[in-house]
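Architecture and fold: a report
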Amino acid sequence: MSDIRDEQDNRYDFRATEAKWQERWESSELFTVRDDDSRPPYYGLDMFPYPSGAGISVGHCRNYVPLDVACRFKVMQGYNVLHPMGWDAFGQPAENEAIKRGRNPKEMVPEYAANYKRQLKLVGISYDWSREVNSSTPEYYRWTQWMFLLLHKRGLAYRANTPINWCPSCKTGLANEEVVNGRCWRCNSLVEKRPMPQWFFKITAYADRLISGLEDIQWPEGIKALQSNWIGRSEGAEVDFKVAGTDDTLTVFTTRPDTLWGATFMVVAPEHPLVDAIASEAQRAEVQQYRERAQRSTEMERQSADRTKTGVFTGGYAINPVNDELIPIWVADYVLMGYGTGAIMAVPAHDQRDFEFARKYHISIVLVYQTSDDQTADALNEALPAGGAMALGPFTGAPNDKSTVGKVIAWLEERGQGKGLINYRIRDWLISRQRYWGAPIPIIHCPEHGAVPVPEADLPVVLPDVDKYQPTGTGESPLAGIPEFVNTICPVCGAAAKRETDTMGGFACSSWYFLRFADPHNTEAPFSSEAVNRWLPVDLYVGGAEHAVMHLLYARFWTKVLHDAGYLNFDEPFQRLRNQGMLLAWTAGRKVVADETEGDDEEAASDEPLEDWKVLKPEEKLTVPEDERIYRWVKMSKSLYNVITPDEMAEKYGADSLRLYGLFVAPFEDTVQWSDKGIEGASKFVNRVWRLWNELRTYFVPDWRTVVSQDGLVLPDSDRALRRKLHQTIRKVGDDLENFRFNTCIAALMELTNEVSLYRNAIGTSTPELGSLAVLSELVELLPLIIAPITPHMSDEMWERLGKSGFTFRESFPSYDDATAAEESVTIVVQVNGKVRDRIVVSPGTTQEEVERLALACEKVARELEGGKTLRKVIPVPGKLINLVIS
RNA sequence: GCCCGGGUGGUGAAAUGGCAGACACAAGGGUCUUAAAAACCCUGGCUUUCGAGCAUGCGGGUUCGAGUCCCGCCCCGGGCACCA
């Protein structure tokens with residue numbers, strides 16, 4: 001490029017340089033990955049995004065850039081690195097946006113994707129675009145449907161008519177994982193319960209393996225805990241209670257069968273099927289009323305734990321199997337139909353919820369465990385969940401612990417009154433959506449044969465073009481209104497039949513896309529096992545922690561199913577996971593006006609974090625004066641009108657500076673507050689490196705290696721020090737990049753730069769010796785390589801100016817020499833009673849005796865010893881410190 | 001209520017149980033310049049009687065030595081929330 005030929009101009013022309021190299025990377029297909037490559041494979045993956053209209057913000061660079069740096073580093077270390085990108089284009093986020101803009105998602109998504117792609121290239125991300133996938137294309141969703149059929153074949157997809165989570169605003173059912181605090185994860189509306197026939201994936205069948213599989217993957221402990229808690233394994237027993245005067249049996253799940261002797265009543269959920277049978281004539285009306293009231297209240301109201309418990313006596317009694325006592329059966333909404341059996345035995349003495357209920361309704365309380373002989377149930381102020389010894393029944397004297405629980409379960413099993421059982425909190429994954437923009441569920445409903453899977457050969461079931469794709473709200477998908485789509489024939493008998501009109505939720509597409517990248521153009525299968533087994537599991541997966549119990553759980557489930565079906569030789573998809581921190585922006589807002597109701601602005605609602613604060617919309621910025629504005633740090637998001645784009649930053653400071661700033665500002669996992677000052681600092685550093693390097697390049701001698709490796713080469717102290725720093729930096733940068741410590745990595749590069757600058761100042765206008773020239777040349781040649789993963793554009797430009805051909809991406813990351821990096825002297829801290837009194841500088845091999853002698857010889861130490869104090873003890877820390885204990 | 005994170009200068013942050021504040025930003029001073037910008041150099045936790053003392057949310061403890069480990073609190077962020 002002609003405008004960077006002026007070598008006297010020491011200002012770095014990042015615009016021209018970055019454009020030049022991005023073009024060259026593209027035209028040389030630098031980032032295209034081949035399967036037939038002898039280097040060891042490495043798979044680095046970002047969670048694929050849905051491309052929204054606003055494009056990416058600098059916030060997105062918090063994950064794309066660090067992974068890019070890690071991948072570029074891996075390439076330079078000699079790996080064949082798969083680093084792909086694609087579009088999670090199906091699902092509510094894309095569809096909601098299309099509706100809002102009055103666009104057809106089919107046309108809109110590719111436009112948005114193209115913009116994302118342009119931006120990602122602008123930031124210099126090294127994706128292999130030849131493997132780009134779009135989950136909303138028939139070439140892709142054909143195989144998502146294939147996955148559905150596989151699950152169906154294996155008994156893991158079923159249709160059931162149970163009350164499901166319904167979002168009235170999105171007009172569709174939602175999976176449990178998509179309901180956050182009783183609200184829709186996309187639009188924040190309150191979720192209702194609606195009974196309707198829906199398709200589910202049987203993720204509960206894999207609950208145990210989804211917990212145990214967490215053990216040997218390198219994920220943040222917090223995410224593992226989140227998943228584990230979500231799955232919620234709890235060990236206990238099912239116990240059968242006879243309903244007095246009937247043939248019915250009420251089965252309960254309990255984790256504390258050992259407290260059966262203290263069960264003084266039972267509670268069933270309002271929706272429990274036996275309620276009618278249990279209720280006595282006298283109580284029936286009251287029970288019925290209570291059930292209706294419970295049905296009307298929202299999930300949120302019902303599940304708020306601080307609400308005082310309510311309930312109604314059914315008039316019926318159960319027989320406690322361990323002592324044949326009659327105990328009353330109540331109906332109360334603190335018992336949930338969705339967990340266990342929807343019925344509990346209540347042990348008020350040892351369960352706080354039952355305790356509160358018993359006290360409120362004056363039900364008797366019986367102590368099973370006593371912490372002392374004179375302890376009475378009447379004296380309790382709260383339940384005793386732990387401690388004490390059993391005070392009644394055949395296990396009298398047994399401790400209040402797991403071993404007793406086990407013994408009681410065995411005892412119940414022997415007597416045929418119950419059995420040990422493990423219960424899970426996780427529910428099956430509801431996959432049906434009554435929406436247009438998703439992969440049609442490949443099922444045909446035949447009056448004769450029921451729900452028949454579409455034969456594999458007939459895939460894909462193509463999503464038809466429609467005029468109206470808005471959700472209907474009737475519980476039917478818009479597809480139901482298209483006779484050409486709906487009417488078909490049964491694959492089994494050929495009779496007239498109807499297609500399933502629900503589509504799959506977006507999380508179906510993202511549950512296997514990481515497999516498709518290994519073999520993205522396969523038209524015969526979703527992937528070849530050979531390709532997938534070569535590249536996967538993903539070595540390094542980067543994305544947001546908000547997917548802990550959604551995508552990350554579903555993807556693990558599908559991987560296990562595919563493994564069990566023999567398609568994969570691994571059953572955990574992501575070996576190592578890293579979650580980037582959020583990016584916050586300083587955002588103008590105002591107080592909420594009294595009559596403003598929640599959810600009036602659908603889009604903003606999902607991201608607004610504070611209830612007493614409303615973001616200023618662009619049009620309000622003119623009307624709300626500065627002194628009425630309230631500024632807050634909130635997540636950078638287009639719905640909060642506080643987005644800074646990589647485009648504007650790349651234009652002003654350059655992609656390399658933007659990359660460097662995001663990496664340097666804080667540890668990768670930390671939340672960051674965006675600052676323009678910060679990126680200015682990063683840009684200053686990039687320019688400083690550029691300038692220094694260009695000055696020093698005039699000393700470059702290409703054969704420096706022979707000089708540096710000469711036997712008996714004696715360099716002046718300053719040269720040895722510079723070389724030592726260089727090799728120490730190579731070591732540190734390599735270590736830090738390996739461990740995602742980008743901020744300290746860049747700090748090390750800054751330290752090196754500072755040292756080089758001082759060295760340069762010291763040279764002044766004098767001509768360096770041959771040895772010094774070699775040391776400088778080593779630096780001039782290696783620096784572009786060391787910094788290349790972070791500032792790839794500048795590095796390639798430097799590389800070319802050194803007379804090298806090709807790209808730093810194709811070079812090896814420099815190795816360091818231990819001997820050269822070793823310190824020539826060490827500073828030993830001299831402490832007296834743990835307080836620093838002095839420092840002594842010794843050579844690394846100095847004996848401990850010598851260090852001690854030198855320490856005692858320090859004037860400041862001598863002063864401490866005055867007044868008859870004597871040395872009691874010497875604590876040496878070799879190479880670091882010596883602590884003299886005196887008194 | 002339960003489960004995870006986190007609290008260190010004016011700010012972002014460093015620190016295998018061993019010199020607290022690396023590296024930066026902002027600030028102040030200087031060099032260069034007619035001037036400014038840029039660049040380069042220097043200073044900087046607080047207090048001080050210039051010996052030193054005090055400092056990593058608070059209070060205890062372990063240790064020769066604690067930002068780091070243990071116990072008890074407080075505050076902030078996130079997740080779950082009547083799960084029997």
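To keep things clear, this report deals only with the structure shown in the data block. Since the model is a prediction, treat every value here as computed from it, not as a measurement.

Along chain A, the regular secondary structure elements total 29 helices and 35 strands. Summarising its shape, the C-alpha atoms of chain A cover approximately 110 × 90 × 65 Å along the three principal directions. Residues counted as buried form 53% of the 887 residues belonging to chain A. Residue pairs at least 24 apart in sequence account for 73% of intrachain contacts in chain A once pairs closer than 6 positions are excluded. For chain A, the accessible surface area stands at approximately 39,000 Å², while carbon and sulfur atoms represent 50% of it. In chain A, 98 side chains carry a positive charge and 126 a negative one; their mean positions are 2 Å apart.

Strand order in this open sheet of 4 strands is 2-1-26-27, and the pairing throughout is parallel. Lying at the two open borders of the sheet, with one neighbouring strand each, are strand 2 (80-82) and strand 27 (577-579). Neighbour-to-neighbour, the strand axes of the sheet open up by a mean angle of 20°, direction not taken into account. Sheet topology note: the strand 1 (residues 41-46)/strand 26 (residues 540-543) ladder contains 3 bridges and is parallel. Looking at strand 26, one finds that Leu45 is bridged to Tyr541.

Before going further, it helps to spend a moment on the environment of Phe807. Of note, Phe807 is situated in the loop between helix 26 (792-801) and helix 27 (818-821). With 14 residues separating them along the chain, Phe807 and His793 place their C-alpha atoms 9.6 Å apart. Once residues within four sequence positions are removed from consideration, Phe807 is found in contact with Trp21, Arg24, Trp25, Ser28, Leu30, Asp796 and Trp799.

Here Asn694 lies in helix 21 (residues 676-697). Under the relative-accessibility criterion, Asn694 is labelled buried at 15%. A polar contact is formed between the side chain of Asn694 and the backbone oxygen of Trp690, at a distance of 2.9 Å. Engagement of the side chain of Asn694 in a polar contact is seen with the side chain of Arg697, the distance being 3.1 Å.

Keep in mind that most residues, glycine aside, have a negative phi and that most peptide bonds are trans. Cis geometry is adopted by the peptide bond preceding Pro460, which originates at Leu459 and carries an omega value of 0°. For the bond from Leu536 to Pro537, the omega torsion is 0°, close enough to zero to count as cis. Position of Pro537 among the secondary structure elements: in the loop between helix 16 (529-535) and strand 26. We note that Asp324 has phi near 60°; this positive angle belongs to a residue other than glycine. Within the element layout of this structure, Asp324 appears in the loop between strand 13 (311-319) and strand 14 (326-332). With a relative accessible area of 59%, Asp324 lands in the exposed category. With a phi angle near 55°, His362 is a residue other than glycine that sits in the positive phi range. His362 gets classed as exposed once you look at its relative accessible area, which sits at 72%.

The next thing to look at is helix 20 (residues 655-664). Most of helix 20 is tucked away, with 8 of its 10 residues classed as buried. Every buried residue of helix 20 is listed here: Ala655, Asp656, Ser657, Leu658, Arg659, Leu660, Tyr661 and Leu663.

Looking now at the pattern of salt bridges. In the structure shown here, the tally under the stated rule is 51 salt bridges. The shortest N-O distance in the salt bridge between Glu111 and Arg103 comes to 2.9 Å. For Lys732, the salt bridge goes to Asp736, with nearest N and O atoms at 3.1 Å. With Lys732 and Asp736 both in helix 23 (residues 717-738) and 4 residues apart, this pair spans about one turn of that helix. A residue is classified by how much of its surface remains accessible, and Asp736, at 0% relative accessible area, is buried. It is possible to trace a salt-bridge network through shared partners that takes in Arg209, Arg556, Lys560, Asp564, Asp571 and Glu572.

Taken together, the 4 strands give an open sheet; going across it, the order is 33-32-35-34, and neighbouring strands pair in mixed fashion. Strands at the two margins of the open sheet, each flanked by one partner only, are strand 33 (835-842) and strand 34 (871-877). Taking the axes of each pair of neighbouring strands and ignoring which way they run, one obtains an average angle of 20° across the sheet. Pairing analysis gives 6 bridges linking strand 34 to strand 35 (residues 881-886), with the strands arranged antiparallel.

Counted according to the given criterion, the structure contains 0 disulfides. For Cys490, which is in no disulfide, the shortest distance to another cysteine sulfur is to Cys446 and amounts to 3.5 Å.

This part covers helix 23. Between its terminal C-alpha atoms helix 23 stretches 32 Å, which fits the 32 Å expected from 22 residues at 1.5 Å a residue. Once helix 23 ends, the next one or two residues include Phe740, with phi positive near 60°.

Looking now at the packing of aromatic side chains. For the structure on display, the rule yields 49 aromatic pairs. Pairing Phe201 with Trp558 gives two aromatic rings, centres 5.8 Å apart and planes at 75°, and the pair type is edge-to-face. Here the residue Phe201 occupies a position in strand 9 (residues 192-201), and Trp558 occupies one in helix 17 (residues 551-564), the gap between them amounting to 357 residues. With respect to class, Phe201 is no different from Trp558; both count as buried. Ring centres of Phe668 and Phe742 lie 6.5 Å apart, and the angle between their planes is 70°; this geometry places the pair in the edge-to-face category. In this pair, Phe668 sits in the loop between helix 20 and strand 31 (672-673) while Phe742 sits in helix 24 (residues 742-763), placing the two residues 74 residues apart along the sequence.

The rules behind the values
- Residues numbered from 1 in each chain as written.
- Chains lettered and ligands numbered in written order.
- Predicted model: local features only at pLDDT ≥ 70, side-chain atom pairs only at ≥ 80, totals over all residues.
- Heavy atoms only, no water.
- Helix = DSSP H or I, 4+ residues; strand = E, 2+ residues; numbered from the N terminus.
- Buried < 20%, exposed > 50% of the residue type's maximum accessible area, 1.4 Å probe, protein only.
- Contact = heavy atoms within 4.5 Å.
- Areas by Shrake-Rupley, 256 points an atom, 1.4 Å probe, with all protein chains shown as cover.
- Lys, Arg positive; Asp, Glu negative; His and termini not counted.
- Charge placed at Lys NZ, Arg CZ, Asp CG, Glu CD.
- Pairing = 2+ DSSP bridges.
- Axes fitted to C-alpha atoms, helices over the stretch in contact; angles between N-to-C directions.
- Polar contact = N/O pair within 3.5 Å; in protein donor to acceptor, adjacent residues only side chain to side chain.
- Salt bridge = Lys/Arg side-chain N within 4 Å of Asp/Glu carboxyl O.
- Disulfide = S-S within 2.5 Å.
- Expected span 1.5 Å × (residues − 1).
- Phe/Tyr/Trp six-rings, centres within 6.5 Å; stacked < 30°, edge-to-face > 60°.

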